[in-house]
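Examination of the molecular architecture
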Amino acid sequence: MKIPILSDTHDLLRPEVLSLLPGCEWILHGGDISSQRILNQLAQHAPVKAVRGNNDKEWAEGLPLFLDFELGGLRIYMTHKKKDLPKDVSPYDLVIFGHSHQYGETWLAHAQNSKRTLLLNPGSCGPRRFHQPITLALLTIDENGWQIQRIEIPHAPKETAPKIDPGNIKKQIEIVMKETQKGNGITLIAEKYGMDKALVEQIARLYVTHPGVTADGIMTKMGI
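These lines cover the structure that appears in this document, whether it is placed above or below.

1. So, the packing of aromatic side chains
- Applying the stated rule across the entire model yields three aromatic pairs.
- Consider the rings of F66 and Y77, whose centres lie 5.7 Å apart with planes at 5°: the pair is stacked. One end of the pair, F66, is in strand β4 (residues 66-71); the other, Y77, is in strand β5 (residues 74-79), and 11 residues separate them in sequence.
- We classify F66 as partly exposed; its relative accessible area is 48%.
- Overall, the relative accessible area of 7% leaves Y77 in the buried class.
- Geometrically, the ring pair formed by W107 and W146 is tilted, given 5.8 Å between the ring centres and 45° between the ring planes. Taken together, the residues span a long stretch of sequence, with W107 in strand β7 (residues 104-109) and W146 in strand β10 (residues 145-153) at a distance of 39 residues.
- Residue classification places W107 among the partly exposed positions, given a relative accessible area of 39%.
- Following the ring pairs from residue to residue traces out a cluster consisting of F66, Y77 and Y92.
- Stacked on the ring of F69, the Lys or Arg K49 has its end atom at 5.0 Å from the ring centre.

Put into structure tokens, the structure is as follows:
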């Protein structure tokens, strides 16, 4: 059984992702899908289990915030944000979440039994976010058990992440936050302050989608 695990596609299905879908039994999506079009496209290849992310708005009101299900003998829990995981994950073999755009695998051992749980963030295979790689995961289940494979998609030269001056980035973030509060658009902010448009767009999106976030908090989410 072959099951791709995606997250944070943000309305982009790359050809490299689509090439992995033929022959899949299921497709799992950890949220921030951004449009029904993506789900429809995935469903052409295999049944889809998906949860709603913080950027999935009115169109996604019918999507659950979490899923608890079994596939191929594995009990799986899936939600968009790690902070929304249940306190006790010991009943699960695999726990899936996204949101940070950063790939990660962490095994948890449980004192009450000999079972282990894998916490998996497949990263993002949507638009590239700064220096972060473009990733997803592939779950395979067979008579010998199950395993997770990390898959990284090379980014095109035009997707090179904008260069960031760590000594000046906080000031730039504060400027974007202030101008966004005023209702100014990305292009106007970039031209007014001579900033990289892609950088302004990423900062503004993080600011808008994370109410109450500080400049330091945005830097953390950017991995700086």
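2. Some points on the sheet that holds strand β6 (residues 94-96)
- Strand order in the open sheet formed by five strands is β4-β5-β6-β8-β7, and the pairing between neighbours is mixed. In this open sheet, the two edge strands, each paired with only one partner strand, are β4 and β7. Neighbour-to-neighbour, the strand axes of the sheet open up by a mean angle of 20°, direction not taken into account.
- In the sheet, β4 pairs with β5 via six bridges, with the strands oriented antiparallel. In the sheet register, E70 faces β5, and the bridge partner there is R75.

3. A word on the sheet that holds strand β9 (residues 134-142)
- Overall, mixed pairing links the five strands, which are arranged β3-β2-β1-β9-β10 in an open sheet. Pairing within the sheet leaves two strands with one partner each, and these edge strands are β3 (48-50) and β10. The mean inter-strand angle of the sheet, taken between neighbouring strand axes irrespective of direction, is 20°.
- Here helix α2 (residues 36-43) sits on the sheet and contacts β1 (2-6), β2 (27-29) and β3; the angle it forms with β3, its principal contact strand, is near 150°.

4. Overview of empty space enclosed by the protein
- Taken as a whole and assessed by the stated rule, the structure comprises one cavity of 30 Å³ or more.
- A volume near 30 Å³ is recorded for the largest cavity.
- Considering the residues around the largest cavity, the lining is formed by D8, H10, D32, N54, N55, H99, H101, R129, R205 and H210.
- When grouped by side-chain class, the residues that make up the lining of the largest cavity number no nonpolar, six polar and four charged.

5. Notes on the pairing of β7
- With six bridges joining them, β7 and strand β8 (residues 116-121) adopt antiparallel strand pairing. The residue bridging L108 from the neighbouring strand is T117, located in β8.
- The turn linking β7 back onto β8 is made up of six residues.

6. Digging into the packing of helix α3 (residues 169-181) against helix α4 (residues 186-193)
- Their axes nearest at 10 Å, the elements α3 and α4 cross at an angle of 135°. With respect to their mutual orientation, α3 and α4 come out oblique. Between α3 and α4 lies a crossing of right-handed hand. Side by side, α3 and α4 meet where I175, V176, E179 and T180 of the first sit next to I189, K192 and Y193 of the second.
- Across the contact of α3 with α4, the residue classes tally to four nonpolar, one polar and two charged.

Definitions and limits used
Residues numbered from 1 in each chain as written. Predicted model: local features only at pLDDT ≥ 70, side-chain atom pairs only at ≥ 80, totals over all residues. Heavy atoms only, no water. Phe/Tyr/Trp six-rings, centres within 6.5 Å; stacked < 30°, edge-to-face > 60°. Helix = DSSP H or I, 4+ residues; strand = E, 2+ residues; numbered from the N terminus. Buried < 20%, exposed > 50% of the residue type's maximum accessible area, 1.4 Å probe, protein only. Lys NZ or Arg CZ within 6 Å of the ring centre and 35° of its normal. Pairing = 2+ DSSP bridges. Axes fitted to C-alpha atoms, helices over the stretch in contact; angles between N-to-C directions. Contact = heavy atoms within 4.5 Å. 1 Å grid on protein atoms, 1.4 Å probe; cavity = no way out; pocket = protein on both sides within 12 Å on 5 of 7 lines; lining within 4 Å. Points joined across faces, edges and corners; volume = space filled by probe spheres on them. Nonpolar A, V, L, I, M, F, W, Y, C, P; charged D, E, K, R; others polar. Parallel < 35°, antiparallel > 145°, perpendicular 65-115°, else oblique. Left-handed = near helix turned anticlockwise from the far one by under 90°.

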